[in-house]
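Structure assessment
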Amino acid sequence: DVKVTQSSRYLVKRTGEKVFLECVQDMDHENMFWYRQDPGLGLRLIYFSYDVKMKEKGDIPEGYSVSREKKERFSLILESASTNQTSMYLCASSPIRANSYEQYFGPGTRLTVT
Amino acid sequence: RKEVEQDPGPFNVPEGATVAFNCTYSNSASQSFFWYRQDCRKEPKLLMSVYSSGNEDGRFTAQLNRASQYISLLIRDSKLSDSATYLCVVTLSGSARQLTFGSGTQLTVLP
């Protein structure tokens, strides 16, 4: 059974703080993704990674960075948190497999920036 | 214009009813199509893929109309456990491993 875990379910941070969100998957998947989910806007892709140390910008990378030092771990970093980054953050992973696009999601981290 | 558009609902239907959700996508080069399900306060999970020939899985039927750039999901004999948000998802040409999500349609099945 695929397992994607995220370091926190709920997080409250102050404006200007540096925030780390951690994601770990145990299925040896090559691809990992970070999304944010907001009411009425759906899931929007922030960054993704096809391999260790590889990263590519998604649709809304501004204000975020990522790190993938090990295959199983993908970190999202908010260098200086702002109130408009209050959101639900979802991590996902998927294998590289022909005609397979299923992504497996973690439980999410609800981040509040005050 | 959003790349993937869905009616947000909410759809409130009685148990046993048949309910249909629609989704339109703007990029005619979209390659693959899916429905994901997201329960309240949970993560999205793949419900089913959508093919031009149609795809049926028990009480669920998904259809794709490429000419109209339209995807549908039909749920027959609704159960209380079907209550969730249903997300329409497409992959775009040239970025097969990336998914583009609609904002979801909320369904509540009432006893």
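So, a few notes on the structure that sits alongside this text. Here the structure is a predicted model, which means the values were calculated and not measured. (Residues numbered from 1 in each chain as written. Chains lettered and ligands numbered in written order. Predicted model: local features only at pLDDT ≥ 70, side-chain atom pairs only at ≥ 80, totals over all residues. Heavy atoms only, no water.)

1. Thoughts on the overall build of chain B
- The helix and strand inventory of chain B stands at 0 helices and 11 strands.
- Reading chain B from its N terminus to its C terminus gives the helix and strand order β-β-β-β-β-β-β-β-β-β-β.
- A compact globule built from 111 residues would reach a C-alpha radius of gyration of about 13 Å, and chain B, at 13 Å, matches this within 12%.
- The dimensions of chain B, computed from C-alpha atoms along their principal axes, are 45 × 30 × 20 Å.
- Evaluated residue by residue, chain B yields a buried proportion of 47% over its 111 residues.
- On chain B, roughly 5300 Å² of surface is accessible, and the fraction owed to carbon and sulfur atoms is 46%.
- Between the mean site of the 11 positive side-chain charges and the mean site of the 10 negative ones, chain B shows a separation of 5 Å. (Helix = DSSP H or I, 4+ residues; strand = E, 2+ residues; numbered from the N terminus. Rg over C-alpha atoms; globule rule 2.2 N^0.38 Å. Buried < 20%, exposed > 50% of the residue type's maximum accessible area, 1.4 Å probe, protein only. Areas by Shrake-Rupley, 256 points an atom, 1.4 Å probe, with all protein chains shown as cover. Lys, Arg positive; Asp, Glu negative; His and termini not counted. Charge placed at Lys NZ, Arg CZ, Asp CG, Glu CD.)

2. With respect to the pattern of salt bridges
- According to the stated counting rule, one finds 11 salt bridges over all chains in the structure shown.
- When the shortest N-O distance is used, the salt bridge between B:E56 and B:R76 registers 3.5 Å. Of this pair, B:E56 sits in strand 6 (residues 55–57) while B:R76 sits in the loop between strand 8 (70–75) and strand 9 (84–92), placing them 20 residues apart in sequence.
- Across the pair B:D82 and B:R59 runs a salt bridge, and its minimum N-O distance is 2.8 Å. Remark: B:R59 occurs in the loop between strand 6 and strand 7 (60–65) and B:D82 occurs in the loop between strand 8 and strand 9; sequence separation between them is 23 residues.
- B:D82 gets classed as buried once you look at its relative accessible area, which sits at 3%.
- It is possible to trace a salt-bridge network through shared partners that takes in A:D28, A:E30 and A:K71. (Salt bridge = Lys/Arg side-chain N within 4 Å of Asp/Glu carboxyl O.)

3. Details of the layout of surface pockets
- The computed volume of the largest pocket comes to approximately 580 Å³.
- Looking at the lining of the largest pocket, the elements that each hand over two or more residues are strand 4 (31–38) and strand 9 (87–94) of chain A together with strand 9 of chain B.
- Here the element with the most residues in the lining of the largest pocket is strand 9 of chain A; it accounts for 3 residues.
- Class assignment of the residues belonging to the lining of the largest pocket gives a composition of 7 nonpolar, 10 polar and 5 charged. (1 Å grid on protein atoms, 1.4 Å probe; cavity = no way out; pocket = protein on both sides within 12 Å on 5 of 7 lines; lining within 4 Å. Points joined across faces, edges and corners; volume = space filled by probe spheres on them. Nonpolar A, V, L, I, M, F, W, Y, C, P; charged D, E, K, R; others polar.)

4. Examining empty space enclosed by the protein
- Across all of its chains, the model carries 1 cavity of 30 Å³ or more by this definition.
- Every residue lining the largest cavity is listed: A:R9, A:Y10, A:M88, A:R110 and B:R41.
- Within the lining of the largest cavity, the residues separate by chemical class into 2 nonpolar, no polar and 3 charged.

5. Section: the packing of aromatic side chains
- Applying the stated criterion to the full structure yields 12 aromatic pairs over all chains.
- Ring centres of B:F11 and B:F21 lie 5.3 Å apart, and the angle between their planes is 85°; on these two criteria the pair is classed as edge-to-face. Placement of the pair is B:F11 in strand 2 (residues 11–14) and B:F21 in strand 3 (residues 19–25), with a sequence separation of 10 residues.
- We classify B:F21 as buried; its relative accessible area is 0%.
- For the pair B:Y36 and B:F101, a centre-to-centre distance of 5.7 Å together with 65° between the ring planes defines the contact as edge-to-face. With a gap of 65 residues between them, B:Y36 in strand 4 (residues 32–38) and B:F101 in strand 10 (residues 95–101) connect regions that are remote in the sequence. Here B:Y36 matches B:F101 in class, with each residue buried.
- Aromatic rings pair up to connect A:F33, A:Y35, A:F48, A:Y50, A:F105, B:Y36 and B:F101 into one cluster. (Phe/Tyr/Trp six-rings, centres within 6.5 Å; stacked < 30°, edge-to-face > 60°.)

6. Structural notes on the interface of chain B and chain A
- Listed per partner, the contact involves 18 residues of chain B and 20 residues of chain A.
- Across the chain B-chain A interface, the total number found is 0 salt bridges.
- At the junction of chain B with chain A, the criterion picks out 2 residue pairs in polar contact (both at pLDDT 80 or more).
- Elements supplying a minimum of two residues to the side of chain B that touches chain A: strand 4, strand 5 (44–50), strand 9 and strand 10 of chain B.
- The dominant element in the side of chain B that touches chain A, judged by the number of residues it contributes, is strand 10 of chain B, at 5 residues.
- Residue classes in the side of chain B that touches chain A are distributed as 8 nonpolar, 6 polar and 4 charged. (Contact = heavy atoms within 4.5 Å. Polar contact = N/O pair within 3.5 Å; in protein donor to acceptor, adjacent residues only side chain to side chain.)

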